[in-house]
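Chain and residue survey
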Amino acid sequence: MRYVIFRWTPTIRGEERTARALAASLGEGWRTLIDWRGVLFLVREDELDVVELPHGRGAVLGEIYSGSEADASIEEDSERSVASFAQQRWGSYIAVVIDRGHDVVRVLRSPDGAYPCFVTERDRVHIVFSEARDLVAMTPDVEPDLAFLAAFLTYPRVVLRRTALSGVEEVAPGEALVFTRTSSRIEPYWTPCSRTLVAGFEEGVRALRVSAETVASVVSQQDGQILHRLSGGFDSTAVLGLLTRTSAVERITCINEYWSDAPEGDERDIARLVAGQHGVRLIELGMDPSRVHYERTLSAPFGVKPTLSVLSFADAETQAAYAGVGASVLTSGRGGDHIFHRSRTAMIAADAVRDGRSDLMSIAVDAARLTRRSVWGVFQAMIAQGVLRMPIPQQPRSAAASLLQPTFANPDLADHPWIAGARTSPPARAMRIGHLRDALSYHDISASMGRMRAWPLLLSQPIVDACLRIAPYTMTHGGMDRSLARAAFADLIPPMVHARTQKGETTRYFAAVLASNRDWIADALVCGELANSGLVEPGKLESLARTDWRQDGLAADGLYSLIAVEVWLRALKACKRASAAQCESAAA
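Residues numbered from 1 in each chain as written. Predicted model: local features only at pLDDT ≥ 70, side-chain atom pairs only at ≥ 80, totals over all residues. Heavy atoms only, no water.

What follows concerns the overall build of the protein chain. Assigned secondary structure in the protein chain consists of 23 helices and 18 strands. The C-alpha atoms of the protein chain give 24 Å as radius of gyration, which agrees with the globular expectation for 588 residues (25 Å, within 12%). For the protein chain, the spread of C-alpha atoms along the three principal axes comes to 70 × 60 × 55 Å. Across the 588 residues in the protein chain, those meeting the buried criterion constitute 57%. In the protein chain, the proportion of contacts linking residues at least 24 apart, taken out of those at least 6 apart, comes to 72%. (Helix = DSSP H or I, 4+ residues; strand = E, 2+ residues; numbered from the N terminus. Rg over C-alpha atoms; globule rule 2.2 N^0.38 Å. Buried < 20%, exposed > 50% of the residue type's maximum accessible area, 1.4 Å probe, protein only. Contact = heavy atoms within 4.5 Å.)

Dropping the structure here:
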């Protein structure tokens, strides 16, 4: 999805000239959806997933559903329409709703965060956009935001208000940009914080199953084939079961990745069992570290911020295997860890204290069984986080953080509206909100997506909303990992999968990938953009790159994040160079 929206003061001619000049610098291949009183809304000519609202009141990129039926209808009051989109309906979309009577424009990002939405300002003209290359085409002088890059190196899954492009902010899922004639603001219409809890276990089971079936039925309505990533774990197995209930099995192909040299990560036996039970085709895709070449990441799409998913572009054969299926939708079990509360933490029982539960002893015993610690240890957490309300432990810092210059050594990792709301939530629910923020990275562009629409079902709004209303101690009732989710999908899960509590191990595979790319990694980091950015200490970076980092104990995410930032900085430089050359050519 590729779009650009300009908003300027309707009565100021200079701002309008600026907006139209910026739009012209985008080049050819764009069509105008809206051009009215200080609003110019452009999409690519090949963008087909557009619903224009009646009477010139806006447009929706993507889909909005009421239950399992498409529904982009609007009310007379534009604010109520936006609230209805975010709270009573669901989907993956960017909605632009215009109140023509009061010159108010609202740009809403769907609560699932599937499609990006960024905003910046140039000469008093607001620019809302989806792709970094378009911003650079309009503003080739844009610079990197080193503070964001420091946060990324510290915690690679971080999502903040700021981005890696200076002056560019990210609109959080469920938020709307509101532009009046003379001002702008951000309003939250959906947030994962402050939910009314359902009564108990059985009600939660029903709510989760109903919401999951609704989402699966909508996915099944999509045109074309479905490619499903089947790891053999609980989440991907449950999603496959849901899909086969609503789609013809001939439409579904499963794919399982394995490396024969690491049997601890080879889950083909389970994948075969699950695929056979549902009668769907299974592709067993052998992985090989020697065919992964990190220099290929330099041709990956350029985004507003670095992502770890850029590393997927290093394996061209795997990318071709996914594309060769010819599917239009890519599904997976991603997100289950985040919403089903897989975390084994005693703070689950602290939530029960904060909620004023009368069955605290039973919940404490469940938490002790789940975390494999004594009940007395659980009581400590109940007192510390439940009674005394002590802060929860911070996320672990990546090993790459040790390379940062002192100026950037303590980046702000909490500059996000969801995290601000989580501060007033009970501790385990605050952790779940943090996990949801982390899960937004599953919408990042990866090589496996190709032309397919990636749809992590378990992160769809109806399922997330259902899970947010279920307390973590209800999710783990009986002291079992994901006990409520296991009950909700029991009829879809073979006993072998139902009994699993561990995941396949991939550490040795990724270590082998790093080893096979050792020379490129060293050269890229020592001689690259990151070393000259002023963000890290060059001596420490070179020492890391020139030594045997495997023996040094550098965590994988630290090395991966360094590579991702280096690739991103090079892509920004190349994009700026190309944009500047285009501007010079146009001026000649």
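That shown, we press on.
By volume, the second largest pocket amounts to about 880 Å³. Lining the second largest pocket are 29 residues, with I392, P393, Q394, Q395 and I419 positioned closest to its centre. Listing elements by their share of the lining of the second largest pocket, those giving two or more residues are α10 (347-354), α13 (417-422) and α14 (427-439). Counting residues per element, the lining of the second largest pocket draws most heavily on α14, which supplies seven residues. Considering only residue class, the lining of the second largest pocket consists of 16 nonpolar, six polar and seven charged. (1 Å grid on protein atoms, 1.4 Å probe; cavity = no way out; pocket = protein on both sides within 12 Å on 5 of 7 lines; lining within 4 Å. Points joined across faces, edges and corners; volume = space filled by probe spheres on them. Nonpolar A, V, L, I, M, F, W, Y, C, P; charged D, E, K, R; others polar.)

A word on the nonpolar core. Counting 86 residues, the largest nonpolar core has F6, L165, Y294, L535 and L562 as its most contacted members. Apart from residues no more than four positions distant in its own chain, L562 is found in contact with L153, A400, L403, L525, L530, L541 and L544. Counting residues in hydrophobic clusters, the runner-up holds 70 residues, among them L53, I339, L457 and L492. (Core = buried A, V, L, I, M, F, W, Y, C linked by side-chain atoms within 4.5 Å.)

With that settled, the discussion passes to the side chain of R2. Here R2 shows up in the segment before β1 (3-7). Since its relative accessible area comes to 15%, R2 is described here as buried. For R2, the side chain forms a polar contact with the side chain of D134, separated by 2.8 Å. (Polar contact = N/O pair within 3.5 Å; in protein donor to acceptor, adjacent residues only side chain to side chain.)

This brings us to the sheet that holds strand β2 (residues 30-36). Each strand in a sheet pairs with another by means of backbone hydrogen bonds, the pair being arranged parallel or else antiparallel. Spatial ordering of the open sheet is given by β2-β3-β1-β10-β9-β11, a layout of six strands whose pairing is antiparallel. Either end of the sheet is taken by a strand with one partner, and the two such strands are β2 and β11 (169-170). As judged from the four bridges shared by β1 and strand β10 (residues 125-129), these two strands associate in the antiparallel manner. Each bridged residue has a counterpart across the sheet, and for V4 the counterpart in β10 is F129. (Pairing = 2+ DSSP bridges.)

This part is about helix α15 (residues 461-468). Most of α15 is tucked away, with eight of its eight residues classed as buried. Along α15, the positions that sit buried rather than exposed are Q461, P462, I463, V464, D465, A466, C467 and L468. The secondary structure elements touched by the buried residues of α15 are α2 (78-87), β7 (90-99), α5 (201-220), α9 (336-339), α14 and α16 (472-475).

Next up on the list: the packing of helix α11 (residues 360-371) against helix α12 (residues 375-387). Their axes nearest at 9 Å, the elements α11 and α12 cross at an angle of 115°. Comparing their axes, α12 and α11 come out roughly perpendicular. The interaxial crossing formed by α11 with α12 has right-handed handedness. Across the interface between the two elements, L360, M361, A364, V365, A367, A368 and T371 from α11 touch V375, V378, F379 and M382 from α12. Across the contact of α11 with α12, the residue classes tally to 10 nonpolar, one polar and no charged. (Axes fitted to C-alpha atoms, helices over the stretch in contact; angles between N-to-C directions. Parallel < 35°, antiparallel > 145°, perpendicular 65-115°, else oblique. Left-handed = near helix turned anticlockwise from the far one by under 90°.)

What follows covers the packing of aromatic side chains. Summed over all chains, the structure comprises 11 aromatic pairs. Here Y65 and W90 contribute two aromatic rings whose centre-to-centre distance is 5.2 Å and whose plane-to-plane angle is 35°, an arrangement assigned as tilted. With Y65 in strand β5 (residues 58-66) and W90 in strand β7, this residue pair connects regions lying 25 residues apart in the sequence. According to the relative accessible area criterion, Y65 is buried, its value standing at 5%. A residue is classified by how much of its surface remains accessible, and W90, at 6% relative accessible area, is buried. Here the basic side chain of R44 rests over the ring of W30, its NZ or CZ set 5.0 Å away from the ring centre. The ring of Y258 carries the charged tip of R268 above its face, separated from the ring centre by 3.6 Å. (Phe/Tyr/Trp six-rings, centres within 6.5 Å; stacked < 30°, edge-to-face > 60°. Lys NZ or Arg CZ within 6 Å of the ring centre and 35° of its normal.)

Turning next to the pairing of strand β16 (residues 281-286). The sheet contact formed by strand β15 (residues 252-258) and β16 spans six bridges and is parallel. Along β16, the bridge assignment pairs N256 with E284. Taking the sense of rotation as the criterion, the β-α-β connection linking β15, helix α7 (residues 268-278) and β16 turns out right-handed. (Right-handed = clockwise from strand over helix to strand, strands pointing away.)

All we've got here are geometric facts, nothing functional implied.
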